[in-house]
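Overview (structure and organization)
The primary structure of each chain is shown beneath.
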Amino acid sequence: EDQVTQSPEALRLQEGESSSLNCSYTVSGLRGLFWYRQDPGKGPEFLFTLYSAGEEKEKERLKATLTKKESFLHITAPKPEDSATYLCASRGDQGGKLIFGQGTELSVKP
Amino acid sequence: DTEVTQTPKHLVMGMTNKKSLKCEQHMGHRAMYWYKQKAKKPPELMFVYSYEKLSINESVPSRFSPECPNSSLLNLHLHALQPEDSALYLCASSQTATNEKLFFGSGTQLSVL
């Protein structure tokens, strides 16, 4: 069965303190690994799609990487406005359904 | 236009009411989705429409009835809901229902009294 597990559940950082969020996945025939950001009471906002091991993508202070079993979302010198829940999701070749992890709630204090 | 628009933003209804949630996109996407999200939980898939036909129903109770009038519109009709159905209901769309990214709307926060 396809599965996505994110860690940690919650992460508190000081402004400027870099860190990484982890997403472990088991999926039959990966068709995409997705990262979303979600603010309270809002819909998820698309950040990145990764398709194959070794792939990396960057956007401002965020960088997403992918191995055969995990994806990492690296946050460099975070700011308070980066506070949000970050969701990882995978899509495999069995039905194409998007499988979400439980999310990591990031809080960045000034 | 890269938006998925949902109305209303908030809805309070009694258990005997009938209401509808609406979703619209003008990106030419041919797949549209309904998700349900409880607080501090990930979105849960409810329904998928592909080329205006229902392709996935995740065993959702019949008190939720989806409708796709055309390729830009998606409705969710609600009837005789229970308090445990209170949640954020999210609409999403993608180019097709395979491996493209999903664009989500801001959701409808539903409270069932």
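Heads up: the structure comes first, above all this text.
All chains use their own residue numbering, which begins from 1 and follows the written sequence. All chains are assigned letters beginning with A, and all ligands numbers beginning with 1, in the order in which they are written. Restriction of local features to residues with pLDDT of at least 70 applies here, the model being predicted, together with a cutoff of 80 or more for giving and counting side-chain atom pairs; totals for whole chains, interfaces and linings are based on all residues. Heavy atoms from the whole structure form the basis of all side-chain values; hydrogens and water molecules are not counted.

Turning our eyes to something else, we now look at the interface of chain B and chain A. Many analyses report the size of an interface as the accessible area lost when the parts associate. The contact criterion used throughout is that any non-hydrogen atoms of two residues lie within 4.5 Å. Taken together, the contact pairs 21 residues of chain B with 21 residues of chain A. In short, buried area is how much 1.4 Å probe accessible area vanishes from two parts on joining, totalled over both. Both faces considered, chain B and chain A share a buried interface measuring about 1600 Å² in area, 54% of it formed by carbon and sulfur atoms. We count a salt bridge whenever a side-chain nitrogen from Lys or Arg sits within 4 Å of a carboxyl oxygen from Asp or Glu. Viewed at the interface, chain A and chain B are joined by two salt bridges. A salt bridge links Glu105 of chain A to Lys40 of chain B, with the nearest nitrogen and oxygen atoms 3.3 Å apart. Whenever a nitrogen or oxygen atom comes within 3.5 Å of another N or O atom, the pair is scored as a polar contact, on the condition that within protein one atom can donate a hydrogen and the other can accept it, and that pairs from neighbouring residues in sequence are kept only if both atoms are in side chains. For the pair chain B and chain A, the interface holds four residue pairs in polar contact (both at pLDDT 80 or more). Numbering of helices and strands starts at the N terminus; helices are DSSP runs of H or I of at least 4 residues and strands are runs of E of at least 2. Within the residue set of the side of chain B that touches chain A, elements represented by two or more residues are β4 (31-37) and β9 (87-94) of chain B. It is β4 of chain B that provides the largest number of residues to the side of chain B that touches chain A, a total of three residues.

Structurally, Leu113 of chain B can be placed in the segment after β11 (108-112). Separated by 23 residues in the primary sequence, Leu113 of chain B and Leu90 of chain B place their C-alpha atoms 20 Å from one another.

Every other side chain in a regular strand lies on the same face of the sheet, so the side chains alternate between the two faces. Residues and elements named next belong to chain B. Of the two faces of β11, the one holding Thr108, Leu110 and Val112 is buried and the one holding Gln109 and Ser111 is not buried anywhere. Taken together, the three bridges between β9 and β11 define a ladder with antiparallel strand orientation. Bridge pairing in β11 places Tyr89 opposite Thr108. The cut-offs for exposure are 20% and 50% of the maximum accessible area for each residue type, with area from a 1.4 Å probe on protein chains only; residues under the lower value are buried, those over the upper are exposed, and the others partly exposed. A pair of strands counts as paired when DSSP detects no fewer than two bridges linking them.

Here the focus is the pattern of salt bridges. Residues and elements named next belong to chain A. In the structure shown here, the tally under the stated rule is eight salt bridges over all chains. Between Arg37 and Asp39 there is a salt bridge; the shortest N-O distance is 3.1 Å. Exposure remark for Asp39: the relative accessible area of 27% places this residue in the partly exposed category.

Residue and element names in this part refer to chain B. Space inside and on the surface of the protein is sampled on a 1 Å grid over the protein atoms alone, with a cavity defined as a set of points where a 1.4 Å probe fits but cannot get out and a pocket as an open set with protein on both sides within 12 Å along at least 5 of 7 lines; lining residues have an atom within 4 Å of a point. Grid points are joined across faces, edges and corners, and a volume is the space filled by probe spheres set on the points. Across all of its chains, the model carries one cavity of 30 Å³ or more by this definition. Size it by volume and the largest cavity reaches roughly 40 Å³. Taken together, His29, Arg30, Ala31, Met32, Tyr49, Tyr51, Glu52, Cys68 and Ser71 form the lining of the largest cavity. Of the residues belonging to the lining of the largest cavity, the class tally is five nonpolar, two polar and two charged. Amino acid classes used here: Ala, Val, Leu, Ile, Met, Phe, Trp, Tyr, Cys and Pro are nonpolar; Asp, Glu, Lys and Arg are charged; the rest, including Gly, are polar.

Another point: the side chain of Asp82 of chain A. Among the structural elements, Asp82 of chain A can be located in the loop between β8 (70-75) and β9 (84-91). If sequence neighbours within four positions are ignored, Asp82 of chain A has contacts with Arg37, Arg61, Leu106 and Val108 of chain A.

In this section: the sheet that holds β8 of chain A. Paired through backbone hydrogen bonds, the strands of a sheet run either parallel or antiparallel to each other. Residue and element names in this part refer to chain A. The five strands lie next to each other as β1-β3-β8-β7-β6, forming an open sheet whose pairing is antiparallel. The open sheet is flanked by β1 (3-7) and β6 (56-59), the only strands paired with a single partner. Across the sheet, the mean angle from the axis of one strand to that of its neighbour is 15°, orientation sign disregarded. Lines are fitted to the C-alpha atoms to define the axes, a helix being fitted only along its stretch in contact, and any angle between axes, read from their N-to-C directions, falls within 0 to 180 degrees.

We call a pair of cysteine sulfur atoms a disulfide when they lie within 2.5 Å. By the definition in use, this model includes two disulfides over all chains. Each disulfide pairs two cysteine sulfurs, and for Cys23 of chain A the partner residue is Cys88 of chain A, the sulfurs being separated by 1.9 Å. Because the torsion about its S-S bond is -60°, the bridge between Cys23 of chain A and Cys88 of chain A counts as left-handed. With Cys23 of chain A in strand β3 (residues 19-26) and Cys88 of chain A in strand β9, this residue pair connects regions lying 65 residues apart in the sequence. We classify Cys23 of chain A as buried; its relative accessible area is 0%. By relative accessible area, which is 0% here, Cys88 of chain A ends up buried. Bridging Cys23 of chain B to Cys91 of chain B, the disulfide has an S-S length of 1.9 Å. Taking the sign of the S-S torsion, about -70° here, the bridge from Cys23 of chain B to Cys91 of chain B comes out left-handed.

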